[in-house]
Structures are given as C-alpha cells and as structure tokens.
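Read off the chains here:
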Amino acid sequence: MNRDAMPGPAVENRNGIAVLRGGGLSRGWNGIRYKTGLSGKNTSAKQLSLNVATISPGGVAFAHIHVDFEVMLYILEGAVRHEYGASLENQVDNVAGDFIFIEPGVPHEVCNLSATEPVVAVVARSDPSEWEHIVEYPSRRRPAPQSAGT
C-alpha cells in the first residue's frame with residue numbers, strides 16, 4: 001500500500017488542547033489524498049483520529065476493511081458511492097451534506113460518481129493510528145500487482 005507521508009504542519013499542544021491550523025494534502029493511500037489531521041501520531045489521542053479526505057474526479061478508493069474500528073464520514077463536496085458487503089454487492093449513494101457510519105469489518109469500495117468534481121469528506125475514526133488497522137479487500141477494480149521487470 002502506498003501510504004506516502006510528507007511533513008505536515010506542526011500541531012500546537014497547549015496543556016490539554018491540541019490545535020492544527022490548516023493542513024495541506026500530505027499523503028495518499030488507496031486512491032485517497034488526506035490532509036494532515038489529528039491522531040495518536042501528533043496528539044495524545046488514545047481512541048480517535050480525524051482527517052479530511054479527497055477522492056479525485058472519477059477516482060476509486062479500492063475495497064478495504066477497517067479492522068476493529070468504526071468510521072464516520074461527513075461529505076463536504078461531491079457525490080460518492082459505497083459498494084459494500086462480502087461481494088461488494090450492495091450500494092449506497094451519498095452527496096454533500098450526508099453523514100455515513102461504517103461498522104468495523106464491513107468490506108467496502110468508494111467511487112467518486114463525478115468525472116469532473118472531487119469528493120471531499122471529513123473522516124473520523126475510533127482508532128488513533130489511522131492506517132495500521134486497514135486491510136485491502138479483493139476488488140474487480142483494483143489494479144493487478146506488477147511483477148518484477150514489468
């Protein structure tokens with residue numbers, strides 16, 4: 001998985017309150033770009049992380065599972081489809097203003113429904129580590145791994 005990280009803005013830790021001012025696009029994973037947010041990596045958080053995620057026009061966040069943590073989303077911009085279930089056989093479409101809750105262990109793939117506009121969402125996780133407990137799930141859209149020399 002590509003979880004590239006670039007230095008982000010510094011978090012101000014102020015005796016029990018942590019502040020992150022702004023935050024540029026700092027890393028990508030699985031077809032999603034994330035702004036630097038708050039997590040156990042840059043605060044004393046023990047059970048929570050918060051980011052802003054962007055999926056490019058026509059983009060896909062390939063199928064994955066959140067292992068043992070919950071996720072809540074608030075769609076700020078765009079239109080998105082979640083395909084979910086053991087065979088990704090179910091779907092739900094959401095637009096700006098919608099709230100979404102994803103239970104732990106639910107396989108899902110996220111598709112931007114627009115070819116011209118990004119999807120932007122606030123993402124809250126009940127896991128301060130952000131990345132370590134997300135696993136890939138089989139998907140017909142996921143590019144096949146390239147073998148050495150190709």
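Keep in mind the model is a prediction, meaning the values are calculated, not measured. Chains are numbered independently. Their residues run from 1 in the order of the written sequence. Reporting of local features is limited, given that this is a predicted model, to residues whose pLDDT is at least 70; pairs of side-chain atoms are given and counted only at 80 or more, and all residues count toward the totals for whole chains, interfaces and linings. Processing note: side-chain calculations cover all non-hydrogen atoms of the structure and skip hydrogens and water entirely.

Draft legend 1. Quick look at empty space enclosed by the protein. The pocket and cavity definitions rest on a 1 Å grid over protein atoms only: a 1.4 Å probe that fits but cannot leave marks a cavity, an open set with protein on both sides within 12 Å along at least five of seven lines marks a pocket, and residues lining either have an atom within 4 Å of a point. Grid points are joined across faces, edges and corners, and a volume is the space filled by probe spheres set on the points. Applying the stated criterion across every chain yields a total of 1 cavity of 30 Å³ or more. What the largest cavity holds in volume is close to 230 Å³. Along its surface, the largest cavity is lined by 21 residues, and I32, Y34, L73, V110 and V123 are the ones closest to its centre. Listed by contribution, the elements that provide at least two residues to the lining of the largest cavity are β5 (32-35), β6 (49-55), β7 (60-66), β8 (71-77), β9 (79-84), β12 (108-112) and β13 (119-125). Looking at which element gives the most residues to the lining of the largest cavity, the answer is β13, with 4 residues. Residues belonging to the lining of the largest cavity are distributed by class as follows: 16 nonpolar, 4 polar and 1 charged. We count a stretch as a helix when DSSP gives it H or I for four or more residues in a row; a strand needs E for two or more, and each element gets its number in order from the N terminus. Each residue is assigned to one of three groups, with Ala, Val, Leu, Ile, Met, Phe, Trp, Tyr, Cys and Pro labelled nonpolar, Asp, Glu, Lys and Arg labelled charged, and all others, Gly among them, labelled polar.

Draft legend 2. Structural context of the pattern of salt bridges. Within this document, salt bridges are pairs made up of a side-chain nitrogen of Lys or Arg and a carboxyl oxygen of Asp or Glu, the two lying within 4 Å of each other. According to the stated counting rule, one finds 7 salt bridges in the structure shown. A salt bridge links R14 to E12; the shortest N-O distance between them is 2.8 Å. Between buried and exposed lies partly exposed: a residue is buried under 20% and exposed over 50% of the maximum accessible area for its type, with that area taken using a 1.4 Å probe on protein chains only. Residue class for E12 comes out partly exposed when judged on its relative accessible area of 25%. Ionic pairing is found between D93 and R81, a salt bridge with its closest N-O pair at 2.6 Å. With D93 in strand β10 (residues 90-95) and R81 in strand β9, this residue pair connects regions lying 12 residues apart in the sequence. Sharing partners across several salt bridges, the network here consists of E12, R14 and R21.

Draft legend 3. Summary view of the side chain of H82. Mapped onto the secondary structure, H82 falls in strand β9. Judged by relative accessible area, which is 6%, H82 ranks as buried. Residues contacting H82, with those up to four places away along its chain left out, are L73, N90, Q91, V92, N94, I100, I102, H108, E109 and V110. Any pair of residues with heavy atoms lying within 4.5 Å of one another is described as a contacting pair.

Draft legend 4. The arrangement of unusual backbone geometry in detail. One non-glycine residue, N15, lies in the positive phi region at around 50 degrees. Looking at the element boundaries, N15 is found in the loop between β2 (11-14) and β3 (17-20). Judged by its relative accessible area of 86%, N15 is exposed. A positive phi angle, close to 55 degrees, is found at L88, a residue other than glycine. Position of L88 relative to the elements: it lies in the loop between β9 and β10.

Draft legend 5. Quick look at the nonpolar core. Residues belong to one nonpolar core when they are buried, are Ala, Val, Leu, Ile, Met, Phe, Trp, Tyr or Cys, and are joined through side-chain atoms within 4.5 Å. If you look at the biggest cluster of nonpolar residues, it comprises 18 residues, and the most contacted ones within it are I32, I55, V71 and L73. Within the residue set of this core, elements represented by two or more residues are β5, β6, β8, β11 (99-102) and β13. The residues contacting L73, other than those within four sequence positions of it, are H82, D98, F99, I100, I102, V122 and V123.

Draft legend 6. Representation of the sheet that holds β10 in the model. Pairing is antiparallel in the open sheet, where 5 strands are placed in the order β10-β9-β12-β7-β14. Strands with a single pairing partner mark the edges of an open sheet, and in this sheet they are β10 and β14 (134-136). Averaged over all neighbouring strand pairs, the angle between strand axes comes to 30 degrees, with direction disregarded. Only strands that DSSP links by at least two bridges are regarded as paired with each other. Both β7 and β14 contribute to a ladder of 3 bridges, which runs antiparallel. Each bridged residue has a counterpart across the sheet, and for H64 the counterpart in β14 is E136. In this description, a line fitted to the C-alpha atoms serves as the axis of each element, helices being fitted only across the stretch in contact, and the angle between N-to-C directions of two axes falls anywhere from 0 to 180 degrees.

The analysis is restricted to geometry; functional conclusions fall outside its scope.
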